[in-house]
Amino acid sequence: MISFTDVTKVYPGGTTAVGGLTLTAPTGKITVLVGPSGCGKTTSLRMINRMIEPTSGLITIDGRDTANLNANELRRGIGYVIQSGGLFPHRTIVDNIATVPLLLGWGRAKARAEALELLERVGLAPELANRYPNQLSGGQQQRVGVARALAADPPVMLMDEPFSAVDPVVRDQLQDEFLRLQAELGKTIVFVTHDIDEAIKLGDQVAVLRVGGTLAQLDSPERLLADPADDFVADFLGRDRGYRGLAFQAAPDLPIRREPTVALGASVADARQAAGGEDWLLVVDEAGAPAGWVELSGLAGPIDRDDLHRGGTVARAGGSLRAALDAALSAPSRRGVLADADGRLVGTVRAQDVLAAIERDQTLPEPRPSDRAAT
C-alpha cells in the first residue's frame, strides 16, 4: 500500500506543483492519476521513488516512510516504466530486461534466464532477445520497458504515460496486455495518464487532480462516471459518460438470435439461400469465428475477403452492456455479433434488446462517502 499524507512540492520561486495531496493506493490494485497539464501527476509519481523529493508531508510504502529509506535501494525495489520505454540503446533487449536483477547481484545466467521468460510473458518472440531497441517497433519497445520493470519482481510499479507514444491500435493492445499481466501478478501500481478513457479502462481507482496538485475526486471508474464530485470533474470527464459507464455493467441474459452464416468461398447462390431473405449475411472463418458481413446485393461471385464489411465490432457473450450495444450499433445489419471466450460465434443481439436491458437495470453505484472527494 502506498499512502500520501498532506504531501506538497513547492519549487524555488514559489510554484506549487503538488498542494497537500492525501490519498492511498491499495495493495495489488491499479491507481491512476489523471488531470490536466500542470496538475502534478508526474511530480506525485516521482516523489514515490524519490526522484523528486517532497517539500513536506509523508509518503509511505507498506507503512515505511520513504524519506527514511536509502534512495537507491528504494528505487531498486520499485518497477518504473516511462514513455517511449527509456531503454538503453547500446544494450540488447535481453540485457535491458536483466538490468535491475544484475544491479541486485543476481548471477548473469539467472538474470538472463528471467529476462527471456519475461520477454515471452509480455508477448514478444524469443528471437528478439539479441536485437537492439532501435530494431524494434514502438509498441515492442514499450513491452520491453514493462518486462524490465517486472524483472526483479517488485511489489510496486510506477508507470508514467507508458503507452502515449504509440498509435491507437497498438495502445489498445498494450492496455489489454497490461491488464492481463496485472490479473496474473497483482502488483501495486500507480499509473499516470492524461487520457481519461485510458484511466477509466485501466484503473481500479482513479484520482482526478486539479492544477496545483490538489485532489478533486478519488473513486472507482464507475462511480466517477456516475457521480462526478463537482463541475471541474464533470467537465474533465467530458461527454458520453452514460455510455462509457455501461462498460461496468455486465450484460444480463439477452435474447440471442441464431445467426445464419456462410464460410469464405461460398457461392452467391449458397449465400442467398443461407440468408433467408436478409440483406446482410455473416461470414465465419474455418474456426467458427466471425470474419465480417457481406451485402448480398453486391455479390458477384464466390465470397472472398475483399467482400467483407468489417465495421462491426464483436462483443463477448456475457460481457458488458456497452460492448453489446456497440456491436449492435456498429454492425451494418444492426445485429450485434457475440462470440465466446475462444472467439467462436455464439449469435447476434439487436440494439433494441440491449436498450431494453439497460432500461430494466437502472442500478447505480452506491453513493459516494463524503471523505472520498476532496476540494
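Values in this document were obtained by computation on a predicted structure and should not be read as measured data.

1. Comments concerning the packing of aromatic side chains
Inspection of every chain in the model, using the stated rule, returns four aromatic pairs. Summarising the aromatic geometry, the rings of Phe-178 and Phe-191 are spaced 5.7 Å apart at their centres and angled 45° between planes, so their arrangement reads as tilted. With a gap of 13 residues between them, Phe-178 in helix H7 (residues 168-185) and Phe-191 in strand E8 (residues 188-193) connect regions that are remote in the sequence. A relative accessible area of 0% places Phe-191 in the buried class. Among the aromatic side chains, those forming a connected cluster through ring pairs are Phe-163, Phe-178 and Phe-191. Against the face of Phe-88 rests Arg-91, its NZ or CZ located 4.7 Å from the ring centre. For Lys-110, the ring lying beneath its charged end belongs to Trp-106, and the centroid distance is 4.4 Å.

2. Comments concerning unusual backbone geometry
Positive phi is not limited to glycine here, since Arg-50 has a value of about 65°. Note on placement: Arg-50 falls in the loop between helix H1 (41-48) and strand E4 (56-61). We note that Glu-161 has phi near 45°; this positive angle belongs to a residue other than glycine. Tracing the chain through its elements places Glu-161 in the loop between strand E7 (156-160) and H7.

3. Some points on the sheet that holds strand E11 (residues 261-263)
Spatial strand order, E11-E12-E13: three strands in an open sheet with mixed pairing. Each edge of the open sheet carries a strand with a single partner, namely E11 and strand E13 (290-295). Going across the sheet, the axis of each strand differs from the next one's by a mean of 40°, ignoring polarity. For strand E12 (residues 280-284) and E13, the ladder comprises five bridges, and the chain directions are antiparallel. Bridge pairing in E13 links Leu-282 to Trp-293.

4. Re the confidence of the model for the protein chain
Detailed reading of the predicted coordinates is not advisable wherever pLDDT is low. Per-residue pLDDT for the protein chain averages 88, and the proportion of residues at 70 or more is 95%. Scored below 50 in pLDDT, residues 369-375 shows 14 contacts in the model against residues more than four places distant or in partner chains.

5. Points about the nonpolar core
Within the largest apolar cluster, 44 residues are counted, with the highest numbers of intra-cluster contacts made by Ile-97, Met-159, Phe-178 and Phe-191. When residues in this core are grouped by element, the largest group, five residues, is from helix H6 (residues 138-150). Dropping the residues within four chain positions of it, Phe-191 is found in contact with Ile-30, Thr-31, Val-32, Leu-33, Met-159, Pro-162, Phe-163, Phe-178, Glu-198 and Leu-202.

6. Section: the layout of surface pockets
The calculated volume of the largest pocket comes to roughly 670 Å³. Contributing to the lining of the largest pocket are 15 residues, with Asp-172, Gln-175, Asp-176, Leu-179 and Lys-201 lying nearest its centre. Put simply, the parts of the chain that give the lining of the largest pocket at least two residues each are H7 and helix H8 (196-202). Of all the elements, H7 adds the most residues to the lining of the largest pocket, at six residues. Its residues placed into classes, the lining of the largest pocket shows five nonpolar, one polar and nine charged. Lining the second largest pocket are 19 residues, and of these Arg-75, Arg-76, Ile-78, Tyr-80 and Val-100 lie nearest its centre. Breaking the lining of the second largest pocket down by element, the ones donating at least two residues are helix H2 (71-76), strand E6 (78-82), helix H4 (99-103) and H6. Considering each element in turn, the lining of the second largest pocket owes the most residues, four residues, to E6. Considered class by class, the residues forming the lining of the second largest pocket number ten nonpolar, six polar and three charged.

Conventions and cut-offs
- Residues numbered from 1 in each chain as written.
- Predicted model: local features only at pLDDT ≥ 70, side-chain atom pairs only at ≥ 80, totals over all residues.
- Heavy atoms only, no water.
- Phe/Tyr/Trp six-rings, centres within 6.5 Å; stacked < 30°, edge-to-face > 60°.
- Helix = DSSP H or I, 4+ residues; strand = E, 2+ residues; numbered from the N terminus.
- Buried < 20%, exposed > 50% of the residue type's maximum accessible area, 1.4 Å probe, protein only.
- Lys NZ or Arg CZ within 6 Å of the ring centre and 35° of its normal.
- Pairing = 2+ DSSP bridges.
- Axes fitted to C-alpha atoms, helices over the stretch in contact; angles between N-to-C directions.
- pLDDT = per-residue confidence, 0-100.
- Contact = heavy atoms within 4.5 Å.
- Core = buried A, V, L, I, M, F, W, Y, C linked by side-chain atoms within 4.5 Å.
- 1 Å grid on protein atoms, 1.4 Å probe; cavity = no way out; pocket = protein on both sides within 12 Å on 5 of 7 lines; lining within 4 Å.
- Points joined across faces, edges and corners; volume = space filled by probe spheres on them.
- Nonpolar A, V, L, I, M, F, W, Y, C, P; charged D, E, K, R; others polar.

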